[in-house]
Amino acid sequence: MQNAFPGEQGREEAQCAFLEQICQSRFRYVRRNAAFFSASCSINLRDFQFLNTTLFLPTDPPPHTQEQREAQIAMALKYLLHLDPVSVLHLSSVWNQSSWFALSADAMFPLRVPLLAIMVGLALCQYEYEYESYPVSVPSRPNCHQECDCPINFPTAMYCDSRKLKFVPVVPTGIKYLYLQNNLIDEIKSGVFDNVTADLRWLVLDNNQITNAKIEKGTIDKLTSLEKLFFSYNELTEPVIPPSKSLDELKMMYNKMSKFPSGLLNDKENLTSINVQHNQLTSEGIAGAFKGPKKLMSLDVSHNMLKKLPAGVPSSLEILYADYNDIDGVGAGYLGKLPTLQYLRMSHNKLIDSGLPAGVFNVTSLLELDLSFNKLQSIPEIGENLEQLYLQANEISKFDLGSFCKFIGPVNYSHLKHLRLDANNITHTSLPVDYSNCLRQASDIMFE
């Protein structure tokens, strides 16, 4: 690749091709939304707020990349979070040393926004992804199951995805990464994991037909080293939790779970991310479910049947998504117990003014707050550090500057950058004359 891109359009196209190579090398996940890799590489501005907290890079490299290169890429992408000219030079050095991409600082700097965008894309892979199957033509290890592929170049991986399998094959010794998504599997028989009970790190079972009743004892309950369990798009009515204390990521989206019994996660000291969106969970059914993992950073309970935010979540939480539920309020002091919470989404609920105690969202840690598509009639009081506030599609009829600033002075003002108030009963004319002193950093206030 050249050190400079010819022409604006050609440069953008080259940047996007560069980014796509990174994404495919990093996880071989392909976003369903192919427009993400359009020539403009544009993304929603609010998605940039995910970066510090949603990009959970695995401790072990995926089986289809070299460990050294993987570590260099991960380190370089992390540096991009706080990119400056010195970091650009460092990045150039990193990629030059890896002999993968040799880019000058001048060539790297225009990549800042799209590279941040690709990180968002990687983060969003935790919600929806399609795994790119390993080529069948690649030679397999001799002890690999006949229905699967165990590439010689990646001896710890077994690819059994997208093969219309109705069963989980016996996993041979030495396998750490097992891919079984996109099949017709409806049961897991005892003994299939006996050779890898202490070795298996990743287990991907998405897009199958598995029910709790057909998961026999002596299967997942014997996996003592599992780090990632992906069990989305199945027929589970209750969570399936391995005994591994190394578990750091759990995804059970698009199932039929109505409850998540308390105590299942009590010993999961390394668990950082849980995603159970698109289930049938109720507030009673998840009471105390998430209090165990003391390092939990991200919890997604969107698209369920909750009447209130999950109780007893650990104080380490940085991201809480509870969109599309039946929540009508937030308890006083709830956010005060979450001193590191930065991103809270409660759009498409039933929030009303009387359900929000005074100052409930006035906390210093919060950076993004989404209360759109609710029934609020006034703007709730927020903290000065909040940067993104989404209130569109409510019933707001007045603009109270006191919701943003209690005091206004050289160091007392709101750090809000983006505010959406469209689809309310309010217009630009509702802004107070002196609003610019309070909202001096707001670059975008949307009324229509």
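Source: prediction; values computed, not measured. The residue numbering used here restarts from 1 in each chain and proceeds along that chain's sequence as written. With the structure being a predicted model, the display of local features is reserved for residues of pLDDT at least 70 and the display and counting of side-chain atom pairs for 80 or more, all residues being used for whole-chain, interface and lining totals. Side-chain figures throughout are based on the complete set of non-hydrogen atoms in the structure, without hydrogens or water.

## Examining the overall build of the chain
- Of the regular secondary structure elements, the chain holds seven helices and 15 strands.
- A total of 448 residues make up the chain; the buried ones form 54% of that total.
- The long-range share in the chain, meaning contacts at least 24 apart out of those at least 6 apart in sequence, stands at 55%.
- Surface summary for the chain: the accessible area is close to 19000 Å², and the carbon and sulfur share equals 50%. Every helix listed is a DSSP run of H or I at least four residues long, and every strand listed is a run of E at least two residues long, numbered separately from the N terminus. Each residue is placed in one exposure class: buried if its accessible area under a 1.4 Å probe, protein chains only, is under 20% of its type's maximum, exposed if it is over 50%, and partly exposed if it falls in between. Contacts are assigned to residue pairs with any non-hydrogen atoms lying within 4.5 Å of each other. Per-residue accessibility takes into account occlusion by the displayed protein chains alone, with areas from the Shrake-Rupley method and a 1.4 Å probe.

## Brief notes about the pattern of salt bridges
- The term salt bridge refers to a side-chain nitrogen of Lys or Arg lying within 4 Å of a carboxyl oxygen of Asp or Glu. Applying the stated rule across the entire model yields 15 salt bridges.
- Asp267 is paired through a salt bridge with Lys268; the nearest N and O atoms lie 2.7 Å apart.
- Linking Arg420 and Asp422 is a salt bridge whose minimum nitrogen-to-oxygen distance equals 2.6 Å.
- With relative accessibility at 27%, the residue Arg420 sits in the partly exposed group.
- Asp422 gets classed as buried once you look at its relative accessible area, which sits at 11%.
- Among the ionic contacts, a cluster of salt bridges with common partners joins Lys228, Asp248, Glu249 and Lys251.

## Some details on the state of the cysteines
- Whenever a pair of cysteine sulfur atoms sits within 2.5 Å, that pair is classed as a disulfide. One pass over the full model with this rule turns up three disulfides.
- The disulfide partner of Cys144 is Cys150, and the S-S distance across this bridge is 2.2 Å. Here Cys144 and Cys150 share a disulfide; its torsion about the S-S bond, 70°, makes the bridge right-handed.
- For Cys144, a relative accessible area of 13% corresponds to the buried category.

## Some remarks on unusual backbone geometry
- In this structure, Tyr254 is a non-glycine residue whose phi angle is positive, near 55°.
- Mapping Tyr254 onto the fold places it in the loop between strand 7 (249-251) and strand 8 (273-275).
- Taking relative accessible area as the criterion, Tyr254 reaches 29% and is therefore assigned partly exposed.
- Positive phi outside glycine occurs at Tyr324, with the angle close to 55°.
- Tracing the chain through its elements places Tyr324 in the loop between strand 10 (319-321) and strand 11 (343-345).
- Since its relative accessible area comes to 38%, Tyr324 is described here as partly exposed.

## Structural notes on the packing of aromatic side chains
- Side-chain rings of Phe, Tyr and Trp (the six-membered ring for Trp) are treated as a pair once their centres are within 6.5 Å; stacked means planes under 30 degrees apart, edge-to-face means over 60, and tilted covers the remaining angles. As enumerated under the stated definition, the model contains five aromatic pairs in all.
- With centroids separated by 5.3 Å and ring planes inclined at 55°, the aromatic side chains of Phe260 and Phe290 adopt a geometry described as tilted. On the criterion of sequence distance, the pair formed by Phe260 in the loop between strand 7 and strand 8 and Phe290 in the loop between strand 8 and strand 9 (298-300) is long-range, its members being 30 residues apart.
- Judged by its relative accessible area of 0%, Phe290 falls in the buried class.
- Against the face of Phe230 rests Lys251, its NZ or CZ located 4.4 Å from the ring centre.
- Over a ring means this: the NZ of a Lys or the CZ of an Arg is within 6 Å of the ring centre and within 35 degrees of the ring normal. Over the aromatic face of Tyr321 sits the side chain of Arg345, whose NZ or CZ is 4.8 Å from the ring centroid.

## What about the nonpolar core?
- Throughout, nonpolar core names a set of buried Ala, Val, Leu, Ile, Met, Phe, Trp, Tyr and Cys residues whose side chains join them through atoms within 4.5 Å. Phe193, Leu203, Phe231, Phe399 and Phe404 are the most contacted members of the largest nonpolar core, which totals 87 residues.
- Phe193 has contacts with Val168, Val171, Leu178, Ile188, Leu200, Leu203, Thr219, Ile220 and Leu223, leaving out every residue within four places of it along the chain.
- Judged by nonpolar contacts, the second largest core, of eight residues, contains Phe154, Tyr159, Val204 and Phe230.

## What about the environment of His348?
- Residue position: His348 is located in the loop between strand 11 and strand 12 (368-370).
- Given the relative accessible area of 25%, His348 is considered partly exposed.
- In the structure, His348 is positioned 45 residues away from His303 in sequence and 9.3 Å away in space, judged by C-alpha atoms.
- Excluding residues within four positions of it along the chain, His348 makes contact with Tyr324, Asn325, Ser372, Phe373 and Asn374.
- In the analysis that follows, any N or O atom pair within 3.5 Å is treated as a polar contact, provided that within protein one partner can donate a hydrogen and the other can accept it, and provided that, for residues neighboring in sequence, both atoms belong to side chains. In this structure the side chain of His348 is engaged in a polar contact, spanning 3.2 Å, whose partner is the side chain of Tyr324.

## Details of the side chain of Ser283
- Along the chain, Ser283 turns up in the loop between strand 8 and strand 9.
- A polar atom in the side chain of Ser283 sits 3.2 Å from the backbone nitrogen of Lys308.
- Setting aside its immediate chain neighbours within four residues, Ser283 contacts Met305, Leu306, Lys307 and Lys308.

## Focus: the environment of Tyr177
- Secondary-structure assignment places Tyr177 in strand 4 (residues 177-179).
- Taking the C-alpha atoms as reference points, Tyr177 and Trp202, separated by 25 residues in sequence, lie 4.7 Å from one another.

## Some thoughts on the confidence of the model for the chain
- pLDDT expresses how confident the predictor is about each individual residue, on a scale running from 0 to 100. Predicted confidence across the chain gives a mean pLDDT of 79, with 69% of residues reaching 70 or more.
- In this model residues 1-66 is a low-confidence stretch, pLDDT under 50, and it forms 167 contacts with partners more than four residues away in sequence or in other chains.
- Confidence drops under pLDDT 50 across residues 75-113; counting only partners more than four residues distant or on other chains, this segment forms 69 contacts.

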